[in-house]
Amino acid sequence: MENGGSSRATMAELQEVQITEEKPLLPGQTPEAAKTHSVETPYGSVTFTVYGTPKPKRPAILTYHDVGLNYKSCFQPLFQFGDMQEIIQNFVRVHVDAPGMEEGAPVFPLGYQYPSLDQLADMIPCILQYLNFSTIIGVGVGAGAYVLSRYALNHPDTVEGLVLINIDPNAKGWMDWAAHKLTGLTSSVSEMILGHLFSQEELSRNSELIQKYRNIITHAPNLENIELYWNSYNNRRDLNFERGGDITLKCPVMLVVGDQAPHEDAVVECNSKLDPTQTSFLKMADSGGQPQLTQPGKLTEAFKYFLQGMGYMASSCMTRLSRSRTASLTSAASIDGNRSRSRTLSQSSESGTLSSGPPGHTMEVSC
């Protein structure tokens, strides 16, 4: 959070209330029908899966996964979570698989030139044109968060909001490259990717979740493809965000990272470079490197407030959430005040939307 006397005064008034997880989607509930499509782009074919039908005057929710994952392994625990159903029934969803990451993808031939992250972003207009969708709310993790950010910089009029988990907007420096090369001498690609996805503490504990994802990545039939995506991520360009400058995200943004996660410092730095009136920062305790996998309930709740701040979730949709749980998500503010029809999580609302405190200061949330 930005420093300042008024913001410190606001922070002193905070209350932290424990959030309890809701039950996930029950086994008896019927899953949504999914339609998978592929389109050709200037940089190769891309596969994506659509859930639901377009809603009038509403953007699509478009997701983009991280390295080592596909849309299912990255986002299914979040979007199948019980409370998330209130959201997804109101939006069509488009889950993009990076080229060669979709289930059953053939291994690319030797010497195949995998797209850069910038080129992956340039594939998104082809997807939206194919579906005849005009605007999106993007949800990205890691490399996927970078891709959606690059797309938003290039096509700001088509992005209404972004949820960016574990984003690192910076290119690798020389020290990073040296460390990466040294690690590559002693570690397999799968182990390096696991170190990108999860904290060392998580990997040491070797929980059931870690064992599951270690098995998924280590034994992936398309591991060669995954390595290509990994290389593109490590060769990313700097997004060059500049607070108050011309290069910035124009839409409301919710930055998310787990406390002690591998990318915590990068997300904190990204927060310092974005427009504080448009940006909220959610640091999640006890969530590790992948909060959408470990804390889907907390992330779902924050996403609801984010959408409500954009005017898309009516207060009636929020009645299942108690006032005390509303207070638990605020780190900078009162819940009182009249609602201006703001598009950001960082405005107050009489129905319980989060508040950012004094104007010009980025809201920071810990939960």
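Residues numbered from 1 in each chain as written. Predicted model: local features only at pLDDT ≥ 70, side-chain atom pairs only at ≥ 80, totals over all residues. Heavy atoms only, no water.

As annotated in an unreviewed UniProt entry, the protein carries the name Protein NDRG2 and comes from Prolemur simus. For the protein, the Subunit (unreviewed entry) comment in UniProt is given as "Interacts with CTNNB1." On record in UniProt, under Sequence similarities (unreviewed entry), the comment for the protein is "Belongs to the NDRG family." (UniProt positions renumbered as here; feature names shortened; annotations may be inferred.)

A. Structural view of the pattern of salt bridges. In this structure the tally under the stated criterion is nine salt bridges. Between E191 and R214 there is a salt bridge whose closest N-O contact spans 3.4 Å. Placement of E191 in helix α7 (residues 189-197) and of R214 in helix α9 (residues 208-218) is noted, with a sequence separation of 23 residues between them. Taking relative accessible area as the criterion, E191 reaches 34% and is therefore assigned partly exposed. With a closest N to O distance of 3.1 Å, K273 and E269 form a salt bridge. With K273 and E269 both in helix α11 (residues 264-273) and four residues apart, the pair spans about one turn of that helix. (Salt bridge = Lys/Arg side-chain N within 4 Å of Asp/Glu carboxyl O. Helix = DSSP H or I, 4+ residues; strand = E, 2+ residues; numbered from the N terminus. Buried < 20%, exposed > 50% of the residue type's maximum accessible area, 1.4 Å probe, protein only.)

B. Examining empty space enclosed by the protein more closely. Scanning the model with the defined rule gives two cavities of 30 Å³ or more in all. Of the volumes computed, that of the largest cavity is approximately 50 Å³. Those elements giving two or more residues to the lining of the largest cavity turn out to be α2 (71-79), β6 (159-165) and α13 (296-309). Taken together, the residues that form the lining of the largest cavity break down as nine nonpolar, no polar and no charged. (1 Å grid on protein atoms, 1.4 Å probe; cavity = no way out; pocket = protein on both sides within 12 Å on 5 of 7 lines; lining within 4 Å. Points joined across faces, edges and corners; volume = space filled by probe spheres on them. Nonpolar A, V, L, I, M, F, W, Y, C, P; charged D, E, K, R; others polar.)

C. Highlighting the pairing of strand β5 (residues 136-141). For β5, the buried fraction is high: six of the six residues fall into the buried class. What you see with β5 is no split at all: I136, G138 and G140 on one side and I137, V139 and V141 on the other are buried throughout. Bridge count between strand β3 (residues 60-64) and β5: five bridges; the pairing is parallel. Bridging from a neighbouring strand, L62 pairs with G138 of β5. (Pairing = 2+ DSSP bridges.)

D. Structural view of the packing of aromatic side chains. Taken as a whole, this structure holds 10 aromatic pairs when the rule is applied. A centroid spacing of 5.9 Å and a plane angle of 65° characterise the contact between F108 and Y114, whose relative ring orientation is edge-to-face. Taken together, the aromatic side chains of F108, Y112, Y114 and Y229 make up a single cluster linked through ring pairs. The aromatic ring of F91 is capped on one face by R58, whose charged end is 5.3 Å from the ring centroid. Directly above the aromatic system of Y51 lies the positively charged group of R93, at a separation of 4.6 Å from the ring centroid. (Phe/Tyr/Trp six-rings, centres within 6.5 Å; stacked < 30°, edge-to-face > 60°. Lys NZ or Arg CZ within 6 Å of the ring centre and 35° of its normal.)

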